[in-house]
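Architecture at a glance
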Amino acid sequence: MALNIPGLVVMAMFYIVILGTGIWASMRSKKVEKKYTGDGMELTLLAGRNINLLVGIFTLTATWVGGGFILGIAEATYNPTLGAVWALMPVPYVLTFFLGGFFFAKPMRENKYMTMMDPFQKKYGNVLSSALIFPALVADVLWVARTLVSLAGTMRVILELPYVYSIIISSVVAIVYTLLGGLYSVAYTDVIQLILIFVSLWVCVPFLLTNPHSVDISLSAYNQTFQAPWVGTVELNEAGKWFDDFMLLALGGLAYQAFYQRILSSSSYTQAQVTCFASAAFCLVLGIPSVLVGAVAASTDWNTTAYGLPTPYERDQAGSILPIALQFLTPTYVSVIGIGAVAAAVMSSMDSALLSSASLFSSNIYKNIIRKQASDYEMQWVIRISVVVVGLAGTGLTFLDSSVLVFWLVGVDMSYTIMFPQLVCVLFFKVSNGYGVCVGYILGLVMRVLSGEPLIGLPPSIRFPGCRLNKEGKLTQFFPFRTTIMLMSLVSIVLFSWLASIVFTKNLLSDKWDVFDIKRKEAQTAGASDGKLPDTNEDAAAAKTLLRTTSC
């Protein structure tokens, strides 16, 4: 088939609008910068902690409603082995935002942190924090990769645009406008992108529901038609896996820097809470069109369409069901509008991942470890270079694997099983220290690898109860093993931190064995709570530097 020229023209217009918005936002940030008296890095990464409420809601929602969100919900709903009950993303995200607003936003804002990793650096020092930053950075790079893969697949189906071109064009546009204005550019382009996502998806829905090749979705919801009912079921022996997937999505998102970048950019704790709660509602609404797309696809007699037989599922193309449905069940101009929604969703997530990883590297590694005396001008260039490097790394990964699920799985798994328990402990458990952190980190990583993963061909060395072949013939853990690993890591951090504290504070072991110097740090903490200043030494100086960097 030839290139879809009208579609390419529309996509070009979309990219021009997004790039134009990014340029306008960067000009706005330059004006604000002239009047701003605080830290220049704070202005770039957190918009001076003064982001508009409505813009904050839009950018947080757009960050979560990415290409994986739109395509993943449609795929799960259409997949005859899953169904809508397995299209979990909108509902767990509501829990993510409510937990974030009620519990996690307050300690992060009260301490005026710059990034999610600041409390780790403040409490554990630079060495351990650097080890913890690594999985967070990897998760962001994988996030970039999976968003680009989802867009490339859609463009290939609807526009007949080669995979390589769609990847490169989208990557360049996102990198450019993120470079121009930091969080200002990302936030204001997110406003345009979220509006486009909402309008485009809902414009497509009536055409899909009334197409002549599909039966009424209410008839196929609970009845066998062309395939299994699209609502799906959760059998008792599958409940553990369903619960595990739910918790993975709900709590894994709380360990992403992109979430805290939006929370910390709010002008107050109350505004941060409102931003979270409003975004939860928007995620629910934006998930409905994708469910309907999957339902229509499951209710379609594909033999009567130009697509023909075998069905998309039988051709192993369930992951591209949204663009396939738009291409073969709606008029051409409607399918082009639909790809605009996917492109907007991808760009809104990709720019967030770029700025998120740039924040972690520039603030927590370069500024706090490599060059503590770096000027604002130098830091601006470090941020820009970080954005380019992460963008290129994520883009490069898309040529190694074209599976959205693989990138999504590895990234979210790392956040949930490794980073989430660490974040909970550093914020809410004063007893946590370096010894517990090491045990929890190693335990979580080793257990997750040994548990296996069928999507990447990794066989399980540890078989939890209920481990068996799934409906597709792949050996799968049906026990909530990820949640179990997360809890094991959490408990081990607290337990071994407490044991280490007892051993050294009670002088059961000599201080020379106290590698992480927890005895002195606990004494400093106690002294600080009594109103005494900490000793003047290297760690205290590093702590003061961090506080200066992360305060307004």
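Reference entry: report on the structure contained in this document. In every chain, residue numbers begin from 1 and rise along the written sequence. Whole-chain, interface and lining totals are the exception, using all residues; otherwise, since this is a predicted model, local features are given only for residues with pLDDT of at least 70 and side-chain atom pairs are given and counted only at 80 or more. Hydrogens are left out, water is left out, and the side-chain values use all remaining heavy atoms of the structure.

Section: the packing of helix α7 (residues 126-158) against helix α14 (residues 332-370)
What counts here: Note on geometry: axes are C-alpha line fits, over the in-contact stretch for helices, and angles between N-to-C directions span 0 to 180 degrees. For helices the rule is a DSSP run of H or I covering at least 4 residues; for strands it is a run of E covering at least 2, with both sets numbered from the N terminus onward. Roughly parallel here means an angle under 35 degrees, roughly antiparallel means over 145, roughly perpendicular means 65 to 115, and every remaining angle is called oblique. By the definition used in this description, the sense in which the near helix is turned from the far one sets the handedness, with an anticlockwise turn below a right angle giving left-handed and a clockwise turn giving right-handed. Residue type decides the class: Asp, Glu, Lys and Arg count as charged, Ala, Val, Leu, Ile, Met, Phe, Trp, Tyr, Cys and Pro as nonpolar, and the leftover types, Gly among them, as polar.
Where α7 meets α14, the axes come as close as 9 Å, and the angle between the chain directions of the two elements is 165 degrees. Taken together, the axis directions place α7 and α14 in an arrangement best described as roughly antiparallel. For α7 against α14, the interelement crossing comes out left-handed. Across the contact of α7 with α14, the residue classes tally to 20 nonpolar, twelve polar and one charged.

Topic: the environment of A393
As for its placement among the helices and strands, A393 is situated in helix α15 (residues 376-397). Taking C-alpha positions, A393 is 26 Å from L159, a pair spaced 234 residues apart along the chain.

A short note on the pattern of salt bridges
The cut-off we apply is this: We count a salt bridge whenever a side-chain nitrogen from Lys or Arg sits within 4 Å of a carboxyl oxygen from Asp or Glu. Think of it in three bands: with a 1.4 Å probe and only protein chains considered, a residue is buried below 20% of the maximum accessible area for its type, exposed above 50%, and partly exposed in between.
Considering all chains together, one arrives at ten salt bridges under this definition. One salt bridge in this structure joins R49 and E42, with 2.7 Å as the shortest N-O distance. E42 shares its class with R49; the two are buried. Of the charged contacts in the structure, one is a salt bridge between D245 and R482, with a shortest N-O distance of 3.2 Å. Of this pair, D245 sits in helix α10 (residues 239-252) while R482 is found in helix α18 (residues 481-505), placing the two residues 237 residues apart along the sequence. Of the residues examined, R482 reaches a relative accessible area of 7% and is grouped as buried. One network of salt bridges, with partners in common, ties together K241, D244, D245, D413, R448, E453 and R482.

Focus: the nonpolar core
Note the following rule: Among buried residues, those of type Ala, Val, Leu, Ile, Met, Phe, Trp, Tyr and Cys that are joined through side-chain atoms within 4.5 Å constitute a nonpolar core. In what follows, residue pairs with any heavy atoms lying within 4.5 Å of each other are defined as contacts.
Counting 150 residues, the largest nonpolar core has F97, I197, F259 and Y260 as the members making the most contacts within it. Take this core: its biggest share by element is 18 residues, from helix α8 (residues 163-209). Aside from chain neighbours lying at most four places away, what touches I197 is V65, I70, L286, A341, A344, A345 and S348.

Things to note about the packing of α7 against α15
Where α7 meets α15, the axes come as close as 8 Å, and the angle between the chain directions of the two elements is 55 degrees. The orientation of α7 with respect to α15, classified from their angle, is oblique. Relative to α15, the crossing made by α7 is right-handed. When α7 is examined against α15, the residues V141, L142, V144, A145 and L148 are found in contact with a partner set consisting of V390, G391, A393, G394, T395 and L397.

Quick look at the state of the cysteines
Going by this rule: The disulfide criterion used throughout: a pair of cysteine sulfur atoms within 2.5 Å.
Following the criterion strictly, the structure yields zero disulfides and no others. C204 takes part in no disulfide bond, and the closest cysteine sulfur, belonging to C283, lies 20 Å away. Free cysteine C276: the closest other cysteine sulfur is in C283, separated by 11 Å. Residue classification places C276 among the buried positions, given a relative accessible area of 0%.

Comments concerning the side chain of Q271
Worth spelling out the cut-off: Whenever a nitrogen or oxygen atom comes within 3.5 Å of another N or O atom, the pair is scored as a polar contact, on the condition that within protein one atom can donate a hydrogen and the other can accept it, and that pairs from neighbouring residues in sequence are kept only if both atoms are in side chains.
Inspection of the secondary structure assignment puts Q271 in helix α12 (residues 269-298). Q271 sits in the buried class, given a relative accessible area of 12%. Within the local environment of Q271, its side chain forms a polar contact with the backbone oxygen of I51, the two atoms lying 2.7 Å apart. Leave out the neighbours within four places in its chain, and Q271 touches I51, N52, L53 and S266.

Re the packing of aromatic side chains
Worth spelling out the cut-off: Stacked, edge-to-face and tilted labels apply to pairs of Phe, Tyr and Trp rings (six-membered ring for Trp) whose centres lie within 6.5 Å, assigned for plane angles under 30 degrees, over 60, and everything in between, in that order. Geometrically, a lysine NZ or arginine CZ counts as sitting over a ring once it is within 6 Å of the ring centre and also within 35 degrees of the ring normal.
By the definition in use, this model includes 26 aromatic pairs. Measuring from centroid to centroid gives 4.8 Å for F98 and F277, while their planes differ by 25 degrees, and the two rings are stacked. With F98 in helix α5 (residues 90-110) and F277 in helix α12, this residue pair connects regions lying 179 residues apart in the sequence. Since its relative accessible area comes to 31%, F98 is described here as partly exposed. Taking the centre distance of 6.1 Å and the plane angle of 85 degrees together, the rings of F207 and Y333 count as edge-to-face. Here F207, found in helix α8, pairs with Y333, found in helix α14; they are 126 residues apart in sequence, far enough to count as distant. Each residue in the set W64, F97, W143, Y256, F259 and Y260 is aromatic and connected to the rest through ring pairs, giving one cluster. Above the ring of W381, the side-chain terminus of R384 is found at 4.9 Å from the ring centroid.

Structural notes on the side chain of E378
With respect to the element layout, E378 can be found in helix α15. Once you skip the residues sitting within four places of it in the chain, E378 turns out to touch Y366 and R371.

Quick notes on a nonpolar patch on the surface
Operational definition: Exposure above 30% relative accessible area and the lack of any salt bridge qualify a residue for a patch; like charges then connect within 9 Å, and the nonpolar side chains Val, Leu, Ile, Met, Phe, Trp and Tyr within 5 Å. Only the protein chains shown count as cover for residues, and all accessible areas are computed by the Shrake-Rupley method using a 1.4 Å probe.
Among the surface-exposed residues, I23, M27, V164, Y165, I168, I169, V172, V176, L180 and F399 lie close enough to one another that they form a single nonpolar patch of about 840 Å² accessible area. Only α1 (5-35) and α8 provide two or more residues apiece to the nonpolar patch. Top contributing element to the nonpolar patch by residue count: α8, with seven residues.

Here we look at unusual backbone geometry
With an omega dihedral of 0 degrees, the bond running from L309 to P310 counts as a cis peptide bond. Tracing the chain through its elements places P310 in the loop between α12 and α13 (321-329).

Read these as spatial facts, not as claims about activity.
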